[in-house]
Every structure is written in structure tokens, then in C-alpha cells.
Amino acid sequence: MKHFLAVILLTLIAISKTNADIVKNFTVNGNKRISEETIKIYGKIELNKDYTEKDLNEVLQNLYSTKFFEDIDLKISNNNLVINVKEFPIVNQLIVLGEKSNKYVEQVKKVISTKAKRSFIKSDFIKDIELIKTLYSTAGYNFAEVNTKIKEIDSENLDIVIEIKRNDVTVISTINFVGDKKVKDSRLRAIIASEEHKFWKIISKNSKFNENLIQLDTRLLKTYYQSIGYKDVEVTSSFVNLNQSGNIDLTYSIEAGKRYRIGKLSTNLDNVFDKKIFFPINKFYKKVSGEYYSPFKITNLLEEIDAIIEKNNLQFVEHNVEEEKRGDYIDLKFNIYEGEKFSVDRINILGNNITDEAVIRGEMKLDEGDPFTDLALQKSIAEIKQRNIFKTVQYNVKEGSEINTKIIDIIVEEKPTGEISAGAGVGTSGGTIAFNIKENNWLGEGKNVGLNFEITSESILGNLNYSDPNYNFLGNSISYGISSERNDKASLGYENSIQSIYANTSFEQYKNVFADLGLSASYDDLQTDNTASANLKKQAGTFTEIAGQYGFSFDSRDRVFNPTKGSIIKLNQSLPLIADKPYIQNTFSGSFYKLMSEDFVWATKFYLNTIDGLDNEDVRLSKRVSLSSKRLRGFERNKIGPKDGDDYIGGNYAAAVNFETNLPNLLPEKTNVDVSFFLDFGNVWGVDFDSSLDDSNKIRSSTGLAANWLSPIGPLSFTLSQNLSKANTDETESFNFNLGTTF
């Protein structure tokens, strides 16, 4: 028996000897540009080491990954590692012809992997051609032609010429929705990103057809339907027709399916946990039981579970949700269990060619050395996606270098983050032109920079702002800005200009409770002429101030866009620190939403704004308050409240209460008109600078119908109203319309 074991042992040793050789030297043949030392470093070649077949394969993979070599052969002879290589030819020049725009040429050279002074790899170059076509397709040039020419200088160098012919841009002529959609077309048009092309939309990229935009529309529609209970909705965009004009007729087919409510909710808790810890979750179950199903409601419940886990400092806790359909209901079971005990060995950030790695790490809920849970990883991915600066965000988890550790690869794909838009509006109250430019990932640091202008017949407003959504990776946002406003009231004998700078920060203090802190400095110049009133002339001059602001808001709406339940309440106050005319201003507002039936949503809103001078000073003209036409319909804009001669000067106080409800099915769906009923109450009163003026303390009220029509020339809004009460000096308006659109 002993002899038998000895034979086996000697055999194993012999096999290991034949499968491993000690490399004492290495030789490279065929290299002309790449030095032996570079090959040694990239191949991770170590001398005086036993090399198995597996080790040689790793060297081979390392060298191929450099993309320097077209062919590589390895062999060991007499303890010498012989490496025979054939280098790829080098691209001497990369020339792009046919494209007149330098911006497009630069973008083409940026996205393709083939570069000047780098290796030419034919397989990669074929992929680059498709990348160029995709790039032009995203800009609406779906029939762009890309031809290439390769000129060999010698066996080691070549020139590449890429010829591009854009052809005509493909725009979206019409957007239609068919099938059992259960939602009006006007609502669906507001949800999707795509827009029908109009002749004035010279800037908008969303009216140009591209596959990525269609995929985004499909996701947006599916998310919306699921959020209102249609869990099994099917959305396809298979109807993409090229019409006679060479443009696209786009049709989305929607099968909403059954609308579900949330049924029974239960918790399946691992025995290792104390049940009393998770007992508070039951009160949240009661709130959503019986309501329409929504993934967002499930997410909110999971966040409440997370809060309990964090409060009790529980480690390695995982959870998931099981859904079971029962008639018109979906029962939910929340499984909470102890996961495997792993820690994070390393986090690798890949694909971020523009964005700083710190921006991505700042959104992670995991760090090296932390306990690893799939829950924390999924929340991290969600936070990164929410920044909206990447086209895709993916991850890969693999075993770490030590036992019970994990390595996480976060793979992102960059996308363009600049925005440019323009808009115009005209109505019974005048016209407006606006222009906006915004960059959402300034210098790859995840910060936002925006510039916007707004021009009306009597005013010009410009604003430049800079914001950091995650300042110093603390979860707080901070922003700075400078603005300039000029108001020219020639008919009333005055003009007013205001320059200001500001800084503020905001953060979530508690769940759904947000706090804002700010500081501003302004310079106000009011000039009058002989036609101005005596009171206006008294207020003429220049004024400076430094003021502090703070505020709180509570937002419990089920969604920001078209909410059906919940509320948002805001409280803000402005206090003077240094001011020529000190004042204190308070603003309190709220909106409450309730779903009365499947199609009816009732909204109640209130608004209160007060401003009072301090140290016996009067409130300046530019600081006096008023009500917008949205808060008090049936009255001309800025034509209610205290009046000095022919000038409506605003008041020290303004208040409004609004009741609204939509009126579905009042008009046929094909009209693309949404109608709502309203009842408004409001008041503007208070004159602190002249007791002889009527302070106009009277409640105004109106009722009527509001309609929004998606017309061929842009969105039109109409208001038909009847005044129920008013002051003698008020200017009423029984009909109002506004046309607004973007270019």
C-alpha cells in the first residue's frame, strides 16, 4: 500500500513539473514600436516564477487587452519565455469630410475608438461606423451615409478618411395613441418626451425622430400607467411609418389592462429579529390598503422599513416584496431576512470618461469596508440614475480578494448633459419671450450651470445660476446666482432696475420635510419723470439691502406631475440684515389633492403673502405684493388692490383661496381639450406710505371654466369667468387666453 501511494505522489509531482516551468529570461520578436520593457509591464511578466498554462493564458490576455498587437504567440523554451508579436498598424491621420459643423466633427472623433496615432483595429473600426450612424440618428439624421477610405502609407502606417453625408433630418409629423388606453391623449402627450414637429421648433431636439427617444417614451408611459394601478400595461411603438414627406408618423399602442388596488399587506420576518421592532410598519400598511396599486407606494413602504432598520442599527438585513394577484387586488408580502455576511472589498468606477469619479462615489450608499447588502447597492444605483447625467448605469458584483468580501464594478455610460430651449407666449395680458441654456454636468463635476432670459413688453429679466446638488457629498444642495431685472412703465412715469446676487442651500430635514436657507444682496434704482404720481416721486432713489431667507416645505403628494392625492405646504420668511428700507416678509402656501372618483381630482389651494416695513419705514414699490392671474382668475393682471391715480401699486398683504376640479369627458377626446371648473377668492390690500389712499380691503371672487387645448400652433389656454364680488377700482376680465410654446 505504501509503495502504491509513493507511485501516485511521484506521478503527481512529475505532472506538475511538466505543466509548470520557471521563467528566468524572456525574449520578444516582431516588436517595432513597443519596447520589451513595456511588454513586460503590460503582460505582468515576472522572472524566476513557475508559469503554468493558466499563467501563460493570463499573460496572453493582458497583452491582447492593450490593443497593440494583432497576433501573439507564447512558448517557454529552456526557461526562456519567447513572445512572438505582430503589431497593429498605426493610424497616421484621421480625416472627416462632408461634415461642415466643427461641433459634429469633434463629437465623431470623440465617440469612436479609432484615433489618430493609435492602433488600427478593423473590427473596432466597423463598430465605429455604426456608432457614427447612431450619433447622427440621435440628432434626427436617420438616413445619414458614412463611407470610409483607407490609404496604406506602408505596412506599419495608414491614413483613414471618413466621408459623411447627413441627408435630411427626420422629424415626427404626428403622434397617435391607440388601443385600450383608458387615459386621454392630451395627458399622454404631456408624459412622453417626443413632440410633434412644428415649423417654429428650430431648437427642440425632441421633435426629431430617434430610437432612443422612442424607448424613453415607452418607459415613461409604462411607469405612468403602473403608477395609477395598471400593473400589466403593455406599451409598444411598433407603428413607425415613413410618410410621403419623408417624416415619421409615430403611433403608440397601449393596452392598459386591469386596474388593481392594493389588497392585503403582510410581513414575513426572519426569526432572528425582534417582531416588536417592525410593528410600526403596520400603520403605513393601513394607509395604502385599498388604494390603487403603484410601484412608488411600494417603494415608500420599503423606505419606511429601511428607516426602522437604520434606527435600530441592524446589519446585513435584506428585504424583498412578493406580489400575488387576487381578483382586482394585489396582495403584498414583505420578506425581511438576514442576508449573507459580506463586506465591501473594493468599488471600481468604470466608463466615466467625463464625470469625476467622486461625483459617482458621492451618491453611493456603500463604501469600502462597509457591510455589503443588495439593498444598499440597489439604492446606490437608483441615486446615481437620479442624477440624470448618464445614459445607462449598470453594476457587477464579484468575489473579493479575501474570504467573505465583494468587489463592486459600477459601469456608467456618459450622455450629453447640455440643454437649450426657447419659448414664446402671447395672450390678453401681453406677450413673453424666454431663452434658456443649462449644463447639468459642468466640467464633469455633477454641478449645474444655467442662464435664462425673459422679455415682455415692459420688462427684461436675466439670471445666471450655479448649483451643486450634493455639496461636499453631504446630501445638501447649494446654489449661487446673479440676476438683473428692468421694468419700464413709461405710461405711469417711472422705470425700475434691480440687480441682485444670492446664495442658498436646501436639504431634507426629515422625511418629506425640506429646509431652505439663503442670503441675498440687491441694489434697487427707481427713477420717475414729471408724469409720475406724487407718491411715486417720494419713493424715487437708490436702495441697497442684504437679507436672509429661510423656509420649510412638506411634500406628501403621490407624484409631482398631475397629483391625485396628498399635499404640499410651504412657509418662507425674509429678514433684513442691512437695508436702507428694512422689512419683514412672510409667505405661506399650500395645495391639497383628493381623488374623488377614478377620473375626478379635487384640489384646494391657499396663498398668503405679507410684507411690513420696520423702523417706521415704508415698503418700496418693487417689494409690494400682488396676486398673479393664476391665483385670482377673472381679473386683469396686476389690476386689483390699492391704486394711486392710474397706477395699481400692490399692497402690503395678499391672500387667495382656490377650489378646482377637472371635468373629464365633457368634450370628445379627439378635440385634445381638458376642461376644469374653478372657484377663486382673493384680496390685495394695505397701503403703508399714504393713509389717504384706499387700501382696497375687499374680498374678490370669481367662478368659471378653464380649458387647455393642444392646438396645431401650440398649447392654448382659455378662461371663461364670472365675477362674484369685486372692488369699484378693479379691472375685470371675463375672457382670457394664452398661447405658449417652445422652439
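Residues numbered from 1 in each chain as written. Predicted model: local features only at pLDDT ≥ 70, side-chain atom pairs only at ≥ 80, totals over all residues. Heavy atoms only, no water.

1. Side note on empty space enclosed by the protein
Picture a little ball the size of a water molecule; that probe, rolled over the atoms, points out where space is still empty. Counting across every chain of the model gives one cavity of 30 Å³ or more. Roughly 30 Å³ of volume is contained in the largest cavity. For the largest cavity, the full set of lining residues is N535, L536, Q539, L621, R624, D644, I649 and F689. It is helix α12 (residues 534-539) that provides the largest number of residues to the lining of the largest cavity, a total of three residues. Its residues assigned to classes, the lining of the largest cavity comprises four nonpolar, two polar and two charged. (1 Å grid on protein atoms, 1.4 Å probe; cavity = no way out; pocket = protein on both sides within 12 Å on 5 of 7 lines; lining within 4 Å. Points joined across faces, edges and corners; volume = space filled by probe spheres on them. Helix = DSSP H or I, 4+ residues; strand = E, 2+ residues; numbered from the N terminus. Nonpolar A, V, L, I, M, F, W, Y, C, P; charged D, E, K, R; others polar.)

2. As for the nonpolar core
Of all hydrophobic cores here, the largest spans 22 residues; its most connected members are L265, F278, L301, I305, L332, F334 and I336. Those elements that place two or more of their residues in this core are β12 (261-269), α8 (281-288), α9 (295-311) and β14 (329-338). Looking at which element gives the most residues to this core, the answer is α9, with six residues. Judged by nonpolar contacts, the second largest core, of 21 residues, contains V183, I191, Y252 and I254. (Core = buried A, V, L, I, M, F, W, Y, C linked by side-chain atoms within 4.5 Å. Buried < 20%, exposed > 50% of the residue type's maximum accessible area, 1.4 Å probe, protein only.)

3. A few points about the environment of K537
With respect to the secondary-structure elements, K537 resides in helix α12. Through-space distance from the C-alpha of K537 to that of N102 is 55 Å; in sequence the pair is 435 residues apart. Setting aside residues up to four positions removed in sequence, K537 forms contacts with T528, D529, N530 and A532. (Contact = heavy atoms within 4.5 Å.)

4. With respect to the layout of surface pockets
Considered as a void within the structure, the second largest pocket measures approximately 230 Å³ in volume. Residue composition of the lining of the second largest pocket, grouped by class: five nonpolar, four polar and five charged.

5. Comments concerning the pattern of salt bridges
Enumeration over the complete set of coordinates arrives at 42 salt bridges. The salt bridge partner of K149 is E163, with a shortest N-O separation of 3.4 Å. Taken together, the residues K149 in strand β7 (residues 145-152) and E163 in strand β8 (residues 157-165) connect sequence positions 14 residues apart. A relative accessible area of 52% places K149 in the exposed class. Between D680 and R633 there is a salt bridge; the shortest N-O distance is 2.8 Å. Here R633 lies in the loop between β29 (601-613) and β30 (643-644) and D680 lies in strand β33 (residues 673-685), a separation of 47 residues in the sequence. One exposure class covers both D680 and R633, and it is buried. Several salt bridges share partner residues, and in doing so they unite D524, E545, R620 and K623 into one network. (Salt bridge = Lys/Arg side-chain N within 4 Å of Asp/Glu carboxyl O.)

6. Some details on the packing of aromatic side chains
Evaluated as defined, the whole model comprises 18 aromatic pairs. With centroids separated by 6.3 Å and ring planes inclined at 70 degrees, the aromatic side chains of Y136 and Y141 adopt a geometry described as edge-to-face. For Y136, a relative accessible area of 0% puts it in the buried group. Looking at Y141, the relative accessible area reads 14%, which means it is buried. Summarising the aromatic geometry, the rings of Y285 and F334 are spaced 5.5 Å apart at their centres and angled 20 degrees between planes, so their arrangement reads as stacked. Of this pair, Y285 sits in helix α8 while F334 sits in strand β14, and the two are 49 residues apart along the sequence. Grouping residues by exposure puts Y285 and F334 together as buried. One residue, R261, lies across the ring of Y292, its end atom 4.0 Å from the ring centre. Above the face of the F678 ring, R633 is positioned so that its terminal group lies 4.1 Å from the ring centre. (Phe/Tyr/Trp six-rings, centres within 6.5 Å; stacked < 30°, edge-to-face > 60°. Lys NZ or Arg CZ within 6 Å of the ring centre and 35° of its normal.)

7. Overview of unusual backbone geometry
Most peptide bonds take the trans configuration, and most residues that are not glycine carry a negative phi. Non-glycine residue N388 carries a positive phi angle of around 60 degrees. Following the sequence through the fold, N388 ends up in the loop between α11 (374-386) and β17 (390-399). In the Ramachandran plot, N638 falls in the positive-phi region, its phi being about 60 degrees despite a non-glycine side chain. For N638, the location among the structural elements is in the loop between β29 and β30. A relative accessible area of 40% places N638 in the partly exposed class.

8. A look at helix α3 (residues 53-64)
A rise of 1.5 Å per residue sets the reference length of α3, with its twelve residues, at 16 Å; its end C-alpha atoms lie 17 Å apart and thus fit the reference within 8%. All of the buried residues in α3 are D55, L56, V59 and L63. The buried residues of α3 occupy an angular sector of 100 degrees when projected down its axis, which confines them to one face. Along α3, exposed side chains directed more than 90 degrees from the buried face belong to E53, K54 and Q61. Contacts made by the buried residues of α3 are with α2 (36-43), β3 (49-52), β4 (69-77) and β5 (80-87). (Expected span 1.5 Å × (residues − 1). Arc of directions from axis to C-beta.)

9. Some remarks on the sheet that holds β7
Spatially, the three strands line up as an open sheet ordered β6-β8-β7, and their pairing is mixed. Single-partner strands in this sheet number two, and they are β6 (90-97) and β7. Strand after strand, the sheet turns through a mean of 20 degrees between neighbouring axes, direction not considered. Pairing geometry for β6 and β8, over seven bridges, is parallel. Residue Q93 lies in a different strand from β8, and its bridge partner there is D159. The strands touched by helix α5 (residues 122-138) within the sheet are β7 and β8, with β7 carrying the most contacts at an inclination of about 150 degrees. (Pairing = 2+ DSSP bridges. Axes fitted to C-alpha atoms, helices over the stretch in contact; angles between N-to-C directions.)

10. Observations concerning the packing of α2 against α3
Contact geometry for α2 and α3: axes closest at 8 Å, N-to-C directions at 115 degrees. With respect to α3, the axis of α2 lies roughly perpendicular. The element α2 and its partner α3 pack so that their crossing is right-handed. In this structure, α2 uses I39, Y42 and G43 to contact α3, whose residues at the interface are V59, N62 and L63. Considering only residue class, the contact of α2 with α3 consists of four nonpolar, two polar and no charged. (Parallel < 35°, antiparallel > 145°, perpendicular 65-115°, else oblique. Left-handed = near helix turned anticlockwise from the far one by under 90°.)

11. Here we look at a nonpolar patch on the surface
On the surface, a nonpolar cluster with roughly 580 Å² of combined accessible area is contributed by I420, I437, L451, F453, L464, I482 and I501. As for its position among the elements, I482 is in strand β23 (residues 476-489). Looking at I482, the relative accessible area reads 44%, which means it is partly exposed. (Patch = residues over 30% accessible without salt bridge, like charges linked within 9 Å, V, L, I, M, F, W, Y side chains within 5 Å. Areas by Shrake-Rupley, 256 points an atom, 1.4 Å probe, with all protein chains shown as cover.)

12. Examining the confidence of the model for the chain
Scored by pLDDT, the chain has a mean of 86; 93% of the residues are at 70 or more. Counting interchain partners and residues more than four positions distant, the pLDDT-below-50 stretch residues 1-18 has zero contacts. (pLDDT = per-residue confidence, 0-100.)

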